[in-house]
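Examination of the molecular architecture
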Amino acid sequence: MKLPHAKSPERIPENRDALCGTQLAKPFPPHAGFATVQACNGHSPPAPAHSHSKELPSAPCDGIAIATEPVKCEATERSAQRIRRKLGLLKRTGLFATQIPGIAVEQARTADELRAAYRLVHDVYVERGYCSEMDWGMRLRVFEASSEMATFVAKLKDGTIVGVLSVVADCDPFGLPSDGVFAAEISEFRRADFKLCEVTNQAIEATYRKSALSTELMRCAMAHGITMGYQKAIATVSPGHTSFYNLLNFTEIGPQRSYSQTINDPVIALCGDLDFYRACPEQLDEVASFIHRFMTTDNHFFKRVGEWHKEATASFLDADLLRSLFTSWSSFLESCSESEIAFLEHKWGWNLFDEVTEPRVEESIWAKRKTSWTGGFCPQHLSECWPSFGNLLPAS
């Protein structure tokens, strides 16, 4: 399968792959549990400058050529055995099953699907202590209100959503969700001109947490990210979940910190190299080769994600859907800051935004704007950033 290629940046520093702790020639770091198996091919490695190995006793030379046997690479042999055992274990766990009976993974495209997805995320995160309970029972941020967020769901035959994973594009001025905690680390990638996204909202209903759902959702998300041209995928995960991401070629870029300022939610920042999956690296061991095939040539989601994206974008920018999610089923728009409101006006378009907002929401928005202007806020500056904002300025 020929995978989509990201547009090459105009200027990329020589050490761009070092930012993620990975290089295409050696895509998996030592801590990820992968070892590159290289055949000795009968050649001994170069001896170190100061070798302490014993010299073989010299044999009498009676005109007979003495051939020495190549030294067997015992360490490589042991490494290969460990890799084969690990691959067998991975397959036996069921994490890499390609079919999950009775469950379909696809992109959420309706208001009801998105509502159920963000409710599941909210409930799982509250249960695990990742966030505080919200009045409307959904995890909604400015990112969820953008059509550039793709939310993938695992659905039972009756439509019940039991798994969620979202991919959100890097956007100005809010960046990525993890910028609130790892802004310095993520900014390094922006300076290197990488096209970024973030994997977020990972939640699995308790009954299915030992199934292949998390892997299938991640495989779907990676197919979407590669198709959309992203080069690096950011993820912030609990320390206990890093081994799963390491297996998929994510490496640590930020040390443990609390994701929340109000509760203790320790997370580690990781980065996945999507260009690694676009390439066909050589010298991969059996485990790495299996993962690479599983995420690329054997990934059936590549056939669907492009069409899903078009359908989801068109469905999202609909007044009824936006009104249901952000004003009727929640008070999200009323809770937005002035900059978030301006961002959504720009993303949705002024006409659609005006159609979505209800009188109580408009009153709340105007109250915030008056406060901002009284405090020295400059509406003319904002209208330069977002042309549609100029329509809201009071007549002189």
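Keep in mind that this is a model prediction, so the values were computed, not measured.

1. Observations regarding helix α7 (residues 286-295)
- Most of α7 is tucked away: seven of the 10 residues are buried.
- Of all the positions in α7, only Val287, Ala288, Phe290, Ile291, His292, Phe294 and Met295 are classed as buried.
- N-capping of α7 is provided by Asp285, with a side-chain oxygen placed 2.9 Å from the backbone N of Val287.

2. Structural notes on empty space enclosed by the protein
- Considering all chains together, one arrives at one cavity of 30 Å³ or more under this definition.
- In this structure, the largest cavity occupies an estimated 120 Å³ of space.
- What lines the largest cavity is a set of 17 residues, and nearest its centre among them are Ala108, Leu114, Met149, Ala312 and Phe316.
- When residues of the lining of the largest cavity are assigned to their parent elements, the largest contribution, five residues, is made by helix α8 (residues 305-316).
- The residue inventory of the lining of the largest cavity, partitioned by class, reads eight nonpolar, seven polar and two charged.

3. Description of the nonpolar core
- Within the largest apolar cluster, 52 residues are counted, with the highest numbers of intra-cluster contacts made by Leu322, Phe326, Phe332, Leu333, Leu344 and Trp348.
- The element that contributes the greatest number of residues to this core is helix α2 (residues 111-127), accounting for eight residues.
- Counting 50 residues, the second largest nonpolar core, distinct from the first, contains Ala154, Val162, Cys220 and Tyr230.

4. Side note on the confidence of the model for the chain
- Looking at the chain, the pLDDT average stands at 79 and 71% of residues meet or exceed 70.
- When mean pLDDT is taken per element in the chain, strand β3 (residues 161-169) scores highest with 98 and helix α14 (residues 379-385) scores lowest with 47.
- Note on residues 379-396: pLDDT is under 50 here. Beyond four places in sequence and across chains, it has 31 contacts.

5. Thoughts on the environment of Ala235
- Along the chain, Ala235 turns up in strand β5 (residues 232-237).
- Accessibility expressed as a relative area gives 1% for Ala235, which makes it buried.
- As for Ala235 and Val167, which are separated by 68 residues in sequence, their C-alpha atoms are 9.8 Å apart.
- The contacts of Ala235, once residues within four sequence positions are left out, are Val199, Tyr245, Phe250, Ile268, Ala269 and Leu270.

Basis of the calculations
Counting restarts for each chain: residues are numbered from 1 in the order of the written sequence. The predicted origin of the model limits local features to residues at a pLDDT of at least 70 and limits the giving and counting of side-chain atom pairs to 80 or more, whereas totals for whole chains, interfaces and linings rest on all residues. Side-chain numbers here rest on the full set of heavy atoms in the structure, without hydrogens or water. Whether a residue is buried, partly exposed or exposed follows from its accessible area with a 1.4 Å probe, protein chains only, as a fraction of its type maximum: under 20%, in between, or over 50%, in that order. Strands here are runs of E lasting at least two residues and helices are runs of H or I lasting at least four, both read from the DSSP assignment and numbered beginning at the N terminus. What qualifies as a polar contact is a pair of N or O atoms within 3.5 Å, subject to a donor-acceptor requirement within protein and to the restriction that residues adjacent in sequence count only when both atoms come from side chains. Only protein atoms enter the 1 Å grid, on which a cavity is a set of points fitting a 1.4 Å probe that cannot get out and a pocket is an open set with protein on both sides within 12 Å along at least 5 of 7 lines, lining residues being those with an atom within 4 Å of a point. Grid points are joined across faces, edges and corners, and a volume is the space filled by probe spheres set on the points. Under the scheme applied here, ten amino acids are nonpolar (Ala, Val, Leu, Ile, Met, Phe, Trp, Tyr, Cys and Pro), four are charged (Asp, Glu, Lys and Arg), and all others, including Gly, are polar. What is meant by a nonpolar core is a set of buried Ala, Val, Leu, Ile, Met, Phe, Trp, Tyr and Cys residues, joined one to another through side-chain atoms within 4.5 Å. Per residue, pLDDT measures the predictor's confidence, with a range of 0 to 100. Here, two residues are considered to be in contact whenever any of their heavy atoms come within 4.5 Å of each other.

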